[in-house]
Amino acid sequence: MTFRRIAADLVASDERYFELGARVDPVAGVRLAWMVGLADMLAACVVLDGDVWTDRVEVMTALDAVEERVREVGGSRVRLYLKREVSAVVEVLKDRGYSSREETGYVLPQRIEGREKVSVQPVSSDADWTQKRTLHRESPDPPDGHEVAAERWVELERRKTGPDGLSPWLILVGDTVTGTAAIMDHGALMRLKNLLVHRDYRRRGIATAAIASFGIMAEENGRTLGLFSVVGSPGDLVYRRCGMKPVARWVEWLGPPARRPSPRERP
Ligand SMILES: CC(C)(COP(=O)(O)OP(=O)(O)OC[C@H]1O[C@@H](n2cnc3c(N)ncnc32)[C@H](O)[C@@H]1OP(=O)(O)O)[C@@H](O)C(=O)NCCC(=O)NCCS
């Protein structure tokens, strides 16, 4: 598989992830993927395809419609992804106070060795979900960097879990749960999502060892392990240190908190 193809698959796998367990509304030429009851979480209310807009006036009108719809479904801010930089879109987003964050897509080109011995086990029983919830509660660092309560994060992952969707795993050292991550098959890619290592167990090579294990699992299924991370984040440092190869990028734009109409503005 070429890196160009894999880059496209990586972006497509992220789009699919956002759509899992979500309603997908067409709004002003783009797709709004939002999850009922969770839409105030940034991971559960995402605008895809923002790069279809081209003209400045079109962007302004379209963004008005999108911001309105995000407010209607209970979203806290507009989170919009651009696969390519369209200057008219970027100018309007900046004018409106949106800020951007670049994400890099990586693949694991070869097997790696971890210095820590870990095992990975799927989250399947209620007891597994309880262990996962405890881990998130004790280490409330959302893998996407957007603040959220542990319970709601786990609820989001649970609603995305299924035979054609996400498959969450626990990462253990001996019998101790030290981390979690999810995987999702997408074409020739085995997509890794939402890696989290317990705060008490960081910098011992657990993330690296988990990537090594998932890399072997991907290879045994004839797939390549791939993921995205925010540029400059701890995840980014881990993946580079593991020898993962950067092959894709996309950019998240985050709007200012949704402005609710004041009582005087309400009809
Ligand atoms: C990012 C995270 C998964 C790393 O887990 P970890 O088990 O501590 O990572 P490793 O021990 O395998 O780190 C491997 C190397 O990456 C680099 N690294 C990892 N975390 C780092 C940090 N916080 N700052 C700087 N470098 C870091 C180091 O080079 C490290 O090797 P070293 O400890 O020998 O110097 C963990 O910090 C975490 O769960 N963070 C919150 C959630 C998150 O950001 N997830 C990533 C989503 S993309």
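Keep in mind that this is a model prediction, so the values were computed, not measured. (Residues numbered from 1 in each chain as written. Predicted model: local features only at pLDDT ≥ 70, side-chain atom pairs only at ≥ 80, totals over all residues.)

1. Details of the site of the ligand
At step 1: Arg-202, Ala-207, Thr-208, Pro-234 and Gly-235 are the nearest of the 19 residues found near the ligand.
At step 2: At the level of elements, strand E9 (189-197), helix H6 (206-220) and helix H7 (234-241) are the ones that each hand at least two residues to the shell around the ligand.
At step 3: The element best represented in the shell around the ligand is H7, accounting for five residues.
At step 4: Residue composition of the shell around the ligand, grouped by class: nine nonpolar, five polar and five charged. (Near = placed C-beta within 6 Å. Helix = DSSP H or I, 4+ residues; strand = E, 2+ residues; numbered from the N terminus. Nonpolar A, V, L, I, M, F, W, Y, C, P; charged D, E, K, R; others polar.)

2. Re the environment of Asp-236
At step 1: Position of Asp-236 relative to the elements: it lies in helix H7.
At step 2: Between the C-alpha atom of Asp-236 and that of Gln-110, which follows or precedes it by 126 residues, the distance is 18 Å.
At step 3: Setting aside residues up to four positions removed in sequence, Asp-236 forms contacts with Thr-104, Ser-229, Val-230 and Val-231. (Contact = placed C-beta atoms within 7 Å.)

3. A short note on the domain arrangement of the chain
At step 1: Structurally, the chain comprises domain 1 (3-104) and domain 2 (107-247).
At step 2: The distance between the C-alpha centroids of domain 1 and domain 2 comes to 25 Å.
At step 3: Each partner contributes to the interface: domain 1 provides 22 residues, whereas domain 2 provides 27 residues.
At step 4: At the level of secondary structure, the elements contributing two or more residues to the side of domain 1 that touches domain 2 comprise helix H1 (3-19) and strand E5 (99-107).
At step 5: It is H1 that provides the largest number of residues to the side of domain 1 that touches domain 2, a total of 10 residues.
At step 6: Here the residues of the side of domain 1 that touches domain 2 are counted per class, giving 13 nonpolar, three polar and six charged. (Domains from an automatic or database assignment.)

4. Structural notes on the pairing of strand E7 (residues 167-173)
At step 1: Bridging between strand E6 (residues 119-122) and E7 involves four bridges; their strand directions are antiparallel. Following the sheet pairing, Ser-119 is matched in E7 by Leu-172.
At step 2: Here seven bridges tie E7 to strand E8 (residues 176-186), and the two strands are oriented antiparallel to one another. Across the sheet, the residue bridging to Val-173 is Thr-176, located in E8.
At step 3: Taking the residues between adjacent antiparallel strands as the criterion, E7 and E8 are bridged by two residues, where Gly-174 takes a positive phi near 60°. (Pairing = 2+ DSSP bridges.)

5. A few points about the packing of helix H2 (residues 56-72) against helix H3 (residues 87-95)
At step 1: Running from N to C, H2 and H3 cross one another at 50°; their axes reach a closest spacing of 9 Å. Viewed along their axes, H2 and H3 adopt a mutual orientation that is oblique. For the element pair H2 and H3, the recorded crossing hand is right-handed. Two secondary-structure elements touch here, H2 through Arg-56, Val-59, Met-60 and Leu-63 and H3 through Ala-88, Val-89, Glu-91 and Val-92.
At step 2: Considered class by class, the residues forming the contact of H2 with H3 number six nonpolar, no polar and two charged. (Axes fitted to C-alpha atoms, helices over the stretch in contact; angles between N-to-C directions. Parallel < 35°, antiparallel > 145°, perpendicular 65-115°, else oblique. Left-handed = near helix turned anticlockwise from the far one by under 90°.)

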